[in-house]
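# Structure assessment
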Amino acid sequence: MHKFDVSDTLKRLPEQFFANLVKKVQALVVEGHDVINLGQGNPDLPTPKFIVKALQEASENPKFHKYPPFQGYSFLKEAVAEFYLREYGVNLDPNKEVAILFGAKTGLVEISQCLLNPGDRVLVPDPGYPDYMSGIAIANAQAVYMPLLKENDFLPDYGLMDKEDLDRAKLMFLNYPNNPTSAIATKDFFDETVALAKKYNICIVHDFAYGSLGFDGLKPQSFLQSEGAKDVGVEFYTLSKTYNMAGWRIAFAVGNPSVIESLNLIQDHMHCSLFGGIQYAAAKALTGSQESAHKLAKIYEQRRDRFIQKLNNIGWKVKPSKGTFFVWLPVPSGYTSEAFSTLLLEKAHVATAPGNGFGECGEGYIRVGLLDDESRLDEAVNRIQKLNIFT
Ligand SMILES: Cc1ncc(COP(=O)(O)O)c(C=O)c1O
């Protein structure tokens, strides 16, 4: 069989670091081991019933059996505007400041194609969500890493950045509450970001995937709540985490009208918007009762409290995370991230994500997703305790 050579674009794509981990987990499962998989970011609980019902109802509506309008239904864009006003006090023009997306991942890859030319510089958090790099590689642009360090609460320190990088950067990716570090951004930090973006003419892309997951009474800040944010950037919001809709593939971008227009333009050429029934159910999710979303955040907070308490009890001293459903754990001395994660997988059958997979500055950490029920999380800690590492 002839093997066709792939394009240079595909050759540039970064290696899927976590594919290896997934393979190792699968191999253990096939061998019959009971693996507790805390290595991924796939919400474990179902979509709230009222949203599923809305899709059931919509699937019977012949209107939705036709092609949806390019760029999505206006009822969904209006629902997004209502959601942002209600949750964040941010006014959005549904026609010009909202783009409907096939999940945030798709939009986050597309935005690099919208705004970057080959060789352009892009500021990327390290550690960070790996898919920013996929879009940057397709655009043949150049990533410049912004270290997220514990001593700076995992926020980039703009004061330490190279002036030439700032002068040349066209785009900056940020993500708070943060995957993988679980850190939260302050309003002051976003204000500072807006000022920096104005000074250096950088477009800010704030990935707000975990916007609904703040703990200890803390509601995560939207980037668009900072004055002037819309002049300099956009925010991506997914329904995957807030409403357990990861499999539905629906998200949106909001903010700067010229960036929104460019996202809509690229999507006009690549897709013809999403199934209308999903858009209908998404609008119900955004405008209906938020009780299930609040309950979900509480469930993650309770899991976090219990998990961290148990880790501290076995001698693994860690601080509680402030948001997201991840905890970012420093590995014990003498181990690399990968060595420790491999040890937990092979000896305790607990899968975690080694921090170096998110960038160089993730070395020394592992990421645990609190995406199983409390008894399984307890069991994971019990198994780790038996390794006698922390005594
Ligand atoms: C930081 C971050 N951004 C974006 C996404 C992707 O969201 P979506 O399911 O909408 O593609 C994820 C999913 O894990 C994420 O962790």
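Look a little higher up for the structure.
A brief report on the enclosed structure follows. Keep in mind that this is a model prediction, so the values were computed, not measured. Each chain has its residues counted from 1, running along the sequence as written. For this predicted model, a pLDDT threshold of at least 70 governs which residues receive local features, and a threshold of 80 or more governs which side-chain atom pairs are given and counted, while totals over whole chains, interfaces and linings are taken from all residues. Each side-chain value is derived from all of the structure's non-hydrogen atoms; neither hydrogens nor water enter the calculation.

In the region of the ligand, 14 residues are neighbours, and Ala104, Asp207, Thr238, Ser240 and Arg249 sit closest. Polar contacts here mean pairs of N or O atoms no more than 3.5 Å apart (in protein, one a potential hydrogen donor and the other a potential acceptor; neighbouring residues in sequence count only if both atoms are side-chain atoms). Aspartate 207 is positioned such that a nitrogen or oxygen atom in its side chain is 2.6 Å from a nitrogen atom of the ligand. A distance of 2.6 Å separates an oxygen atom of the ligand from a polar atom in the side chain of arginine 249. Residue exposure ignores everything except the shown protein chains as possible cover, and the areas themselves are Shrake-Rupley values with a 1.4 Å probe. Relative to its unbound accessible area of 390 Å², the ligand is 92% covered by the protein chains. What counts as a helix is a DSSP run of H or I of at least four residues, what counts as a strand is a run of E of at least two, and both are numbered from the N terminus. Among the elements of the structure, helix 5 (103-115) and helix 10 (239-242) are those that each provide at least two residues to the shell around the ligand. Being near a molecule or strand, for a residue, means having at least one of its heavy atoms within 4 Å of it.

Along the chain, methionine 133 falls in helix 6 (residues 131-138). Sequence-wise, methionine 133 and glutamate 60 are 73 residues apart; in three dimensions their C-alpha atoms are separated by 40 Å. Any pair of residues with heavy atoms lying within 4.5 Å of one another is described as a contacting pair. Methionine 133 has contacts with Pro14, Val124, Ala143 and Tyr145, leaving out every residue within four places of it along the chain.

Looking now at the side chain of aspartate 207. Take aspartate 207: it is sitting in strand 6 (residues 203-207). Relative accessibility under 20% of the residue-type maximum defines a buried residue, over 50% an exposed one, and the middle range a partly exposed one, all with a 1.4 Å probe and only protein chains included. The positive count covers Lys and Arg only, the negative count covers Asp and Glu only, and His and the chain ends enter neither. When a carboxyl oxygen of Asp or Glu lies within 4 Å of a side-chain nitrogen of Lys or Arg, that pair is called a salt bridge. Buried within the structure, aspartate 207 lacks any salt-bridge partner; its nearest side chain of opposite charge belongs to lysine 241, at an N-O separation of 8.6 Å. A polar side-chain atom of aspartate 207 sits 3.2 Å from the main-chain amide nitrogen of alanine 209. Leave out the neighbours within four places in its chain, and aspartate 207 touches Leu108, Tyr129, Tyr132, Leu174, Asn175, Tyr176 and Phe236.

When DSSP finds two or more bridges between a pair of strands, those strands are recorded as paired. Pairing in this open sheet of 3 strands is antiparallel, and the strands run 9-12-11 from one edge to the other. Lying at the two open borders of the sheet, with one neighbouring strand each, are strand 9 (326-330) and strand 11 (353-354). The pairing of strand 11 with strand 12 (residues 365-369) spans 2 bridges and is classified as antiparallel. Counterpart to alanine 353 in the pairing with strand 12 is arginine 367. Helix-sheet contacts for helix 14 (residues 337-348) involve strand 11 and strand 12, and the interaxial angle to strand 12 is about 40°. Here an angle of 0 to 180 degrees is reported between the N-to-C directions of two axes, which are lines fitted to C-alpha atoms, with helices fitted over the stretch in contact.

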